[in-house]
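# Structural features, examined
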Amino acid sequence: ILAKNDVMAISEGLKKIGIGGLTVFKVRGRGKNPGPEIHASKGSEIFVPQFTDKYRLEAIISDSQEDEVIGVIKKRGRVGKIFISQILRAIDIATDDEGEKTI
């Protein structure tokens, strides 16, 4: 989960290490700290949004690439979270390949 400003830098970094597939989701959420105040009605009212815009990046990679990908994200991202999940099975619909061949 990242800020908008970090998405392109991370995408370019992942391309440089050979990660081709990347899916980006625009999401809304809230963390521990509230979002920035928005001044409305010509500055006379202050609104603190309940949720802020963030971006979720998803890349399916092999186990051997995990540390390198984490390094790129940490180097090029300023704030955010990295979550790692296992994929139980991957199937390429067009070729019927399974496993790491589909990545």
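Residues numbered from 1 in each chain as written. Predicted model: local features only at pLDDT ≥ 70, side-chain atom pairs only at ≥ 80, totals over all residues. Heavy atoms only, no water.

## Quick notes on the layout of surface pockets
- The calculated volume of the largest pocket comes to roughly 920 Å³.
- Taken together, 30 residues make up the lining of the largest pocket; nearest its centre are Ala59, Ile60, Ile61, Ile84 and Ser85.
- Elements represented by at least two residues in the lining of the largest pocket include exactly strand S4 (52-58) and helix H2 (66-76).
- Considering every element that reaches the lining of the largest pocket, the biggest residue donor is H2, with four residues.
- Across the lining of the largest pocket, the residue classes break down as 18 nonpolar, five polar and seven charged. (1 Å grid on protein atoms, 1.4 Å probe; cavity = no way out; pocket = protein on both sides within 12 Å on 5 of 7 lines; lining within 4 Å. Points joined across faces, edges and corners; volume = space filled by probe spheres on them. Helix = DSSP H or I, 4+ residues; strand = E, 2+ residues; numbered from the N terminus. Nonpolar A, V, L, I, M, F, W, Y, C, P; charged D, E, K, R; others polar.)

## Remarks on a nonpolar patch on the surface
- Where nonpolar side chains cluster on the molecular surface, the patch consists of Ile60, Ile87 and Ile103 and spans about 270 Å² of accessible area.
- With respect to the helices and strands, Ile87 occurs in the segment after H2. (Patch = residues over 30% accessible without salt bridge, like charges linked within 9 Å, V, L, I, M, F, W, Y side chains within 5 Å. Areas by Shrake-Rupley, 256 points an atom, 1.4 Å probe, with all protein chains shown as cover. Salt bridge = Lys/Arg side-chain N within 4 Å of Asp/Glu carboxyl O.)

## Let's talk about the nonpolar core
- Ranked by size, the top nonpolar core spans seven residues in total: Leu2, Ile10, Leu14, Ile19, Val69, Val72 and Ile73.
- Residue assignment for this core shows that the elements contributing at least two residues are helix H1 (4-16) and H2.
- Excluding residues within four positions of it along the chain, Ile19 makes contact with Leu14, Ala59, Ile61, Gln65 and Val69. (Core = buried A, V, L, I, M, F, W, Y, C linked by side-chain atoms within 4.5 Å. Buried < 20%, exposed > 50% of the residue type's maximum accessible area, 1.4 Å probe, protein only. Contact = heavy atoms within 4.5 Å.)

## Remarks on the packing of H1 against H2
- Following both chains from N to C, one finds H1 and H2 inclined at 145°, their axes separated by 9 Å at the closest point. As H1 packs across H2, the resulting crossing turns out to be right-handed. Contacts between H1 and H2 involve Asp6, Ala9, Ile10, Glu12, Gly13, Leu14 and Lys16 on the former and, on the latter, Val69, Val72, Ile73 and Arg76.
- Of the residues assigned to the contact of H1 with H2, the class counts are six nonpolar, one polar and four charged. (Axes fitted to C-alpha atoms, helices over the stretch in contact; angles between N-to-C directions. Left-handed = near helix turned anticlockwise from the far one by under 90°.)

## Observations concerning the packing of aromatic side chains
- Taken as a whole, this structure holds zero aromatic pairs when the rule is applied.
- Over the face of the ring belonging to Phe25 we find Arg56, whose NZ or CZ atom lies 5.1 Å from the ring centre. (Phe/Tyr/Trp six-rings, centres within 6.5 Å; stacked < 30°, edge-to-face > 60°. Lys NZ or Arg CZ within 6 Å of the ring centre and 35° of its normal.)

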